[in-house]
Amino acid sequence: MMQEDVDASDYAISNAIGASRHQIQCGKDRVEELLTKQTTVTALERKERKDKIRIKVEAYIFDFLKDDSYTRLDTKQGLADVIDPKTAETITVHRRIWRNVNKRQQHLLFLSSDYYARFRQDHNQATVGYDVWHDALANVGGFVSKPLNESCVDEKISTMNYMRASGKQVHINLLIE
């Protein structure tokens, strides 16, 4: 079966490939069985990745995040380098701010958007649950954040003024009652 001039001892093969001697012996037995019975080995079909939808939805979420209906431009936060999921190239975009900061509502906005409708049409009516949304958003949404007090589009207000304003409203409500 094996050539005489090659050292095919279990010890030599074990040292060469890093497998245990028992694994080598089992492999030799299996090869001998296949050769004597003259059987063929067929490759099994690889199963589809379970995270396929997560990868495919990233391009649609990326476009959703760049839409002014759902996020807005924040020039004060600067630029961000992101990877475009469609082309896998690094591009520079302006940072953006969510118009709606509630994560569940962001997911619902995506589900009611044209981007989700296009995704479902392109991918055999596949759906995107909250966990898939959250994971894909974490991968492609690094350039979108919650509004900050320093953001150019938000009114600056100190914590003290905020507390005073809310206290005045409570005081006014108590006087009315």
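This text goes with the structure placed above it.
Model, not experiment: these values are computed from the prediction.

Following both chains from N to C, one finds helix α3 (residues 52-65) and helix α6 (residues 130-140) inclined at 65°, their axes separated by 9 Å at the closest point. In terms of their interaxial angle, α3 and α6 are classed as roughly perpendicular. When the axes of α3 and α6 are compared, the crossing they make is right-handed. Contacts between α3 and α6 involve I53, R54, V57, E58, I61, F62, F64 and L65 from the first element and D131, V132, W133, D135, A136, L137, N139 and V140 from the second. Its residues placed into classes, the contact of α3 with α6 shows eleven nonpolar, one polar and four charged.

This paragraph deals with unusual backbone geometry. Phi at A88 takes a positive value of approximately 60°, unusual for a residue other than glycine. Note that A88 resides in the loop between β2 (79-83) and β3 (90-94). One non-glycine residue, Q125, lies in positive phi territory at about 60°. Mapped onto the secondary structure, Q125 falls in the loop between α5 (114-122) and α6.

The next thing to look at is the nonpolar core. Core analysis: the biggest nonpolar cluster contains 25 residues, and V57, I61, F64, L65, F110, W133 and F143 have the highest contact counts within it. Every element with two or more residues in this core is listed here: α3, β2, α5 and α6. If sequence neighbours within four positions are ignored, F110 has contacts with V57, Y60, I61, F64, Y115, Y116 and W133.

With that out of the way, let us pick up the pairing of β3. Direction of pairing for β2 relative to β3: antiparallel, over a ladder of five bridges. Bridging across to β3, A80 finds its partner in V93. Where β2 folds back onto β3 in an antiparallel hairpin, the turn is made up of six residues, including A88, whose phi is positive at roughly 60°.

Bringing the packing of aromatic side chains into the picture now. Going through the model one piece at a time under the given rule, you end up with ten aromatic pairs. Aromatic rings pair up to connect Y60, F64, Y70, W98, F110, Y115, Y116, F119 and W133 into one cluster. Across from the ring centre of Y130, 3.8 Å away, lies the NZ or CZ of R104, which sits over that ring.

The next point concerns the environment of L73. Within the element layout of this structure, L73 appears in strand β1 (residues 71-73). Taking relative accessible area as the criterion, L73 reaches 37% and is therefore assigned partly exposed. C-alpha of L73 to C-alpha of R95: the two residues are 22 residues apart in sequence and 6.5 Å apart in space.

Between α3 and α5, whose axes approach to 9 Å, the crossing angle comes to 150°. The angle between α3 and α5 falls in the class roughly antiparallel. The handedness of the crossing between α3 and α5 is right-handed. Of the residues in α5, those touching α3 at I53, K56, V57, Y60, D63 and F64 are Y115, R118, F119 and D122. Across the contact of α3 with α5, the residue classes tally to six nonpolar, no polar and four charged.

We now examine the sheet that holds strand β5 (residues 144-145). Reading across the sheet, the three strands line up as β1-β4-β5 and stay open at both edges, with mixed pairing between neighbours. Only two strands of the sheet have a single partner each, and these edge strands are β1 and β5. Both strand β4 (residues 96-98) and β5 contribute to a ladder of two bridges, which runs parallel. Paired with R96 across the two strands is V144, which belongs to β5.

The rules behind the values
Residues numbered from 1 in each chain as written. Predicted model: local features only at pLDDT ≥ 70, side-chain atom pairs only at ≥ 80, totals over all residues. Heavy atoms only, no water. Axes fitted to C-alpha atoms, helices over the stretch in contact; angles between N-to-C directions. Helix = DSSP H or I, 4+ residues; strand = E, 2+ residues; numbered from the N terminus. Parallel < 35°, antiparallel > 145°, perpendicular 65-115°, else oblique. Left-handed = near helix turned anticlockwise from the far one by under 90°. Contact = heavy atoms within 4.5 Å. Nonpolar A, V, L, I, M, F, W, Y, C, P; charged D, E, K, R; others polar. Core = buried A, V, L, I, M, F, W, Y, C linked by side-chain atoms within 4.5 Å. Buried < 20%, exposed > 50% of the residue type's maximum accessible area, 1.4 Å probe, protein only. Pairing = 2+ DSSP bridges. Phe/Tyr/Trp six-rings, centres within 6.5 Å; stacked < 30°, edge-to-face > 60°. Lys NZ or Arg CZ within 6 Å of the ring centre and 35° of its normal.

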